[in-house]
Amino acid sequence: MKYSLLILLVGAAVVCQAQTTLPVKPGNRSVENALKKASYLEGDVVLELSGGVYRTDRTIAVSKGKWSSLTIKNKKGAKVFVTGDRVIARNQAKRVSDPTVLSRIQEEYRDKVLEIDCKKLGIHVAPIRPSGFGRKSLPAWSELIIDGKLTNLSRWPNDSTVLIGEVLVAGDDKDKVAGKLPVFKYKENRPKAWKEVQDLWISGYFGWGYADDMIPVQRIDTAKATIYAGMFTTYHFMTGTDFRRWYALNLIEEIDQEYDYVIDSRHGKLYFLPPGGGFSTLRLTSLESPLIAVESCNNVTIEGITFENSRGIGVYMDNTENVLIKGCTIRNVGNVGVCIGKGTNSPDNATVKPHSMEAGGKLTGRIIGDMMGKIYENTILNREAGRNNGIKDCYIYNTGAGGVNISGGDRVTLTRGDNFVENSKISNYNRIEKSYRPGVWMDGVGNRVTKCDIFNAPSMAILFHGNEHVVELCMITDVCKEVDDQGAIYYGRDPSEQGNIIRYNYFYRLSPRHRVTATYHDDGACGSEVYGNIYHQAGSLPVLIGGGKDHNYYNNIFMESPTAIHLDNRMQNWGTGMVAKGGIVDVRLEAVNFTKPPYSVAYPKLVNYWTEDPSQPQRNTIHGNLFYKINNFVHGNTSWGEFWNNWITNENPGFVDPQNPLKGFKEGAEIFKRIEGFKEIPYSKIGSTLQ
């Protein structure tokens, strides 16, 4: 009887565990001071933030305390903003008086463009930096914000790009050894108006359509219509295709739209064109480290807070468990919105391989850095992300270098991370860095992206590396808008990355202009399950299987695209080096001990990778799919796949509304008669429930 009473008392103690609420008001380091108090408290602790702006000049650090759980949230109904900016008094924006500068401004804007002398105000202006494919992902330069709206570096052309003309010096490997920087010609007349180019940068896709770059200009010879680059690009300058284009940035002569601004890094000044109706507030992004970092602790919830206006990462965490970012907004940050897991960093003067993607330094917290190159080099990198951490019900937009970057799990042991992004909207996430900075980056083992809307981006929606990831119930629209040879969902070049599932997603309005794919299994990728997806106007090649094996496509709907499935045997031609002894595939398979448990148990077909012909695509099954108004069912040799129980038709297969497939099929629709076992897709569950 006494023993039973003890159990009841212990149970009651757990149920009645104390909760302490600490009210927090805006003020200098008020959140940090509250965190210090919280670290000495036991039980469940809540930091309740009153409405207002919490401006910080250093990262708000959350680390382990005595508490069993910690919640940082807004007071009910309060609007809370954590910012990394500097406020500039409105009266510090003055009319331009320097006659030299005035002569450069287009005549109709001379009495409208304003200048801010940041140097005089003691405010540091972070200069523009190189940005692009293969380069480090770093904090952005200083960005001006007017009444909450981000301004844009002035550019020409304003909303388009121009073709690269004759290339005089490509800047290829031989030129790099010789120290000969790129030189190319242009055909347009507008550059004749540019009087000063010391702060001029050019951006575009100079070589390959998946690799953007942004570099400074050394000089322009307007008489000969020739541009002399100020540094090398990742690859080199080329011509001959429509995507090899460029545009100019940061010229005073090109301030011609409201919210255009220019950084004069030599004199510490900003020039900008305000909105016609006037403005109230000016802010300059300043903080380059994360706004908030949660490190080496468990059971933390951050809820109902807007993180904004900084040069670096919005929310960062590593070595955590059960940390949830819920109902938050992350916007106007210069790097990625949220990062779960460490990045890597190599010294700027480090000697790296000719292809910058193969670089990569030491594991480092609170940055992304050259992590992408490091994972290319070390595919089993454990980024110490922790487990069961997530982002839920969040808005992430206007970020500089991707939406969310999550890791988790261990690839050698196939230990799951179970980190996630759920029911969130992610958009406009490539303001600074474009290529390979997706809406969601995911690596490790056993992580997921669920019910997210990912839209409006020049490049990818989701890029993943690793095993057992799930991408499901997502609405992916208007991505890959600029690129060539990329996919909305992309991975590849490692056949050990198996067990990944892509299901019940809606791909819509992907441009067919270049080689754009919805689901892209690149360079010998193997072993995925792809089912229940809707590919609606989903690029020029909705599905691309590039030489790999054991992909299973079923119960999908393909609509209104020039081609549905692309299959190729690249490992038997230009990709033979990848499957050669000692090649990249060999190295990556050996890294995970692919013939031994847990890989031999989880993926028994992988054990025979070398005893079978590794260059031969096989066991790629395409069955039970609908192809509606598709011009070309398969691009490539059908012997590289196995096809059965599919239906190809130009007649309405029974849609309630053929223009909106998310309304599903009518009862008794023809599709259920033509495709044996076809199952209805959970249409109503696709996409975020956020407004």
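Anything mentioned here points back to the structure above.
Now for a look at the structure at hand.

Definitions and cut-offs
- Residues numbered from 1 in each chain as written.
- Predicted model: local features only at pLDDT ≥ 70, side-chain atom pairs only at ≥ 80, totals over all residues.
- Heavy atoms only, no water.
- Helix = DSSP H or I, 4+ residues; strand = E, 2+ residues; numbered from the N terminus.
- Rg over C-alpha atoms; globule rule 2.2 N^0.38 Å.
- Buried < 20%, exposed > 50% of the residue type's maximum accessible area, 1.4 Å probe, protein only.
- Contact = heavy atoms within 4.5 Å.
- Areas by Shrake-Rupley, 256 points an atom, 1.4 Å probe, with all protein chains shown as cover.
- Phe/Tyr/Trp six-rings, centres within 6.5 Å; stacked < 30°, edge-to-face > 60°.
- Salt bridge = Lys/Arg side-chain N within 4 Å of Asp/Glu carboxyl O.
- Pairing = 2+ DSSP bridges.
- Polar contact = N/O pair within 3.5 Å; in protein donor to acceptor, adjacent residues only side chain to side chain.
- Disulfide = S-S within 2.5 Å.
- Core = buried A, V, L, I, M, F, W, Y, C linked by side-chain atoms within 4.5 Å.

Observations concerning the overall build of the protein
Then, number 1: Secondary structure summary: the protein contains nine helices and 60 strands in total.
Then, number 2: Its C-alpha atoms give the protein a radius of gyration of 27 Å, near enough to 26 Å, the size a compact globule of 691 residues would have.
Then, number 3: Dimensions along the principal axes, computed over C-alpha positions, put the protein at roughly 85 × 75 × 55 Å.
Then, number 4: Out of the 691 residues in the protein, the part that is buried amounts to 58%.
Then, number 5: In the protein, 70% of the contacts between residues at least 6 apart in sequence involve partners at least 24 apart.
Then, number 6: Put simply, the protein shows about 27800 Å² of open surface, and 50% of that area lies on carbon and sulfur atoms.

Quick word on the packing of aromatic side chains
Then, number 1: This model, assessed by the stated rule, comprises 29 aromatic pairs.
Then, number 2: Look at phenylalanine 184 and tryptophan 246: their rings are 5.8 Å apart centre to centre, the planes differ by 70 degrees, and that puts the pair in the edge-to-face class. Here tryptophan 246 lies in strand S21 (residues 245-249) and phenylalanine 184 lies in strand S17 (residues 183-185), a separation of 62 residues in the sequence. Summarising the burial analysis for this pair, phenylalanine 184 and tryptophan 246 share the class buried.
Then, number 3: Geometrically, the ring pair formed by phenylalanine 655 and phenylalanine 665 is stacked, given 4.6 Å between the ring centres and 20 degrees between the ring planes. A residue pair is termed long-range when its members are at least 10 positions apart, and phenylalanine 655 in the loop between strand S60 (647-649) and helix H9 (671-674) and phenylalanine 665 in the loop between S60 and H9 qualify at 10 residues.

Concerning the environment of glutamine 618
Then, number 1: Mapped onto the secondary structure, glutamine 618 falls in the loop between helix H8 (599-602) and strand S57 (621-623).
Then, number 2: For the pair glutamine 618 and arginine 331, spaced 287 residues apart in sequence, the C-alpha to C-alpha distance is 44 Å.
Then, number 3: The contact partners of glutamine 618, leaving out residues within four places of it in the chain, are Gly548, Lys549, Asp550, Glu612 and Asp613.

A closer look at the pattern of salt bridges
Then, number 1: Summed over all chains, the structure comprises 44 salt bridges.
Then, number 2: The partner of arginine 29 in a salt bridge is glutamate 32, and the shortest N-O contact between them spans 3.6 Å.
Then, number 3: What makes glutamate 32 buried here is its relative accessible area of 13%.
Then, number 4: Here lysine 549 and glutamate 612 are joined by a salt bridge, their closest N and O atoms 3.6 Å apart. In this pair, lysine 549 sits in the loop between strand S54 (543-546) and strand S55 (552-554) while glutamate 612 sits in the loop between H8 and S57, placing the two residues 63 residues apart along the sequence.
Then, number 5: The exposure class assigned to lysine 549 is buried, which follows from its relative accessible area of 2%.
Then, number 6: Note on glutamate 612: relative accessible area 23%, which makes it partly exposed.

Looking at the sheet that holds strand S24 (residues 282-285)
Then, number 1: Read across the sheet, four strands follow the order S7-S24-S11-S12 without closing on themselves; strand pairing throughout is antiparallel. The open sheet has two edge strands with one neighbour each: strand S7 (85-88) and strand S12 (149-150).
Then, number 2: Bridge count between S7 and S24: four bridges; the pairing is antiparallel. Residue isoleucine 88 lies in a different strand from S24, and its bridge partner there is leucine 282.

Quick notes on the side chain of lysine 136
Then, number 1: Tracing the backbone shows lysine 136 in the loop between strand S10 (131-132) and strand S11 (144-146).
Then, number 2: For lysine 136, the side chain forms a polar contact with the side chain of asparagine 345, separated by 3.0 Å.
Then, number 3: Filtering out sequence-adjacent residues up to four positions away, lysine 136 remains in contact with Arg129, Asn345, Ser346, Pro347, Asp348, Gly369, Asp370, Glu433 and Arg437.

Quick word on the environment of asparagine 652
Then, number 1: When you line up the elements, asparagine 652 lands in the loop between S60 and H9.
Then, number 2: Along the primary structure asparagine 652 and isoleucine 671 are separated by 19 residues, whereas in three dimensions their C-alpha atoms are 9.2 Å apart.
Then, number 3: When near neighbours in sequence (up to four residues on either side) are disregarded, asparagine 652 contacts Tyr628 and Pro658.
Then, number 4: For asparagine 652, the side chain forms a polar contact with the main-chain nitrogen of glycine 654, separated by 2.9 Å.

Structural notes on the environment of glycine 641
Then, number 1: Along the chain, the position of glycine 641 falls in the loop between strand S58 (626-635) and strand S59 (642-644).
Then, number 2: Considering only alpha carbons, one finds glycine 641 and tyrosine 535, 106 residues apart in sequence, at a separation of 19 Å.
Then, number 3: Not counting residues within four places of it along the chain, the set of residues in contact with glycine 641 comprises Leu567 and Asn620.

Some remarks on the pairing of strand S5 (residues 69-74)
Then, number 1: Among the six residues in S5, five count as buried, and that is most of the element.
Then, number 2: In terms of strand pairing, S5 meets strand S26 (residues 298-303) through four bridges, oriented parallel. Across the sheet, lysine 73 pairs through a bridge with glutamate 303, a residue of S26.

Regarding the pairing of strand S27 (residues 305-310)
Then, number 1: Taken across its six residues, S27 has six buried, putting it largely inside the fold.
Then, number 2: Note that strand S6 (residues 80-83) and S27 share four bridges and pair parallel. Each bridged residue has a counterpart across the sheet, and for phenylalanine 81 the counterpart in S27 is threonine 306.
Then, number 3: The sheet contact formed by S27 and strand S30 (residues 329-333) spans four bridges and is parallel. Each bridged residue has a counterpart across the sheet, and for glutamate 308 the counterpart in S30 is arginine 331.

A few points about unusual backbone geometry
If a residue is not glycine, its phi is most likely negative; likewise, a peptide bond is most likely trans.
Then, number 1: Here the bond from tryptophan 156 into proline 157 is cis, since omega is -10 degrees, no more than 30 degrees from zero.
Then, number 2: Mapped onto the elements of the fold, proline 157 is located in the loop between strand S14 (155-156) and strand S15 (162-163).
Then, number 3: Note that the residue after proline 597, namely proline 598, is joined by a cis bond; omega there is 5 degrees.
Then, number 4: With respect to the helices and strands, proline 598 occurs in the loop between helix H7 (584-591) and H8.
Then, number 5: Even without being glycine, arginine 366 reaches a positive phi, approximately 65 degrees.
Then, number 6: Tracing the chain through its elements places arginine 366 in the loop between strand S33 (362-364) and helix H6 (371-377).
Then, number 7: Even without being a glycine, asparagine 388 presents a positive backbone phi close to 55 degrees.
Then, number 8: Relative to the assigned elements, asparagine 388 resides in the loop between strand S34 (386-387) and strand S35 (390-392).

Here we look at the sheet that holds strand S13 (residues 152-153)
Where strands meet in a sheet, backbone hydrogen bonds hold them as pairs that are either parallel or antiparallel.
Then, number 1: Strand order in this open sheet of five strands is S8-S9-S23-S22-S13, and the pairing throughout is mixed. What marks the edges here is a single partner per strand, and that holds for strand S8 (94-95) and S13.
Then, number 2: Pairing of strand S9 (residues 114-117) with strand S23 (residues 269-272) involves four bridges; the strand directions are antiparallel. Bridging across to S23, isoleucine 116 finds its partner in leucine 270.

Quick notes on the state of the cysteines
Then, number 1: With the rule as written, the count across this model stands at zero disulfides.
Then, number 2: Looking at the unpaired cysteine 339, the closest cysteine sulfur is the one in cysteine 394, lying at 15 Å.
Then, number 3: The structure places no disulfide on cysteine 394, whose sulfur is separated from the nearest cysteine sulfur, that of cysteine 328, by 5.0 Å.
Then, number 4: Note on cysteine 394: relative accessible area 0%, which makes it buried.

Concerning the nonpolar core
Then, number 1: Counting 84 residues, the largest nonpolar core has Leu47, Leu70, Ile72, Ile302, Phe307, Ile391 and Ile462 as the members making the most contacts within it.
Then, number 2: Setting aside residues up to four positions removed in sequence, leucine 47 forms contacts with Leu22, Val24, Val31, Ala34, Leu35, Ala38, Leu70, Thr71, Ile72 and Lys73.
Then, number 3: Core analysis: the second largest hydrophobic core is formed by 26 residues, Tyr261, Ile263, Leu270 and Leu284 among them.

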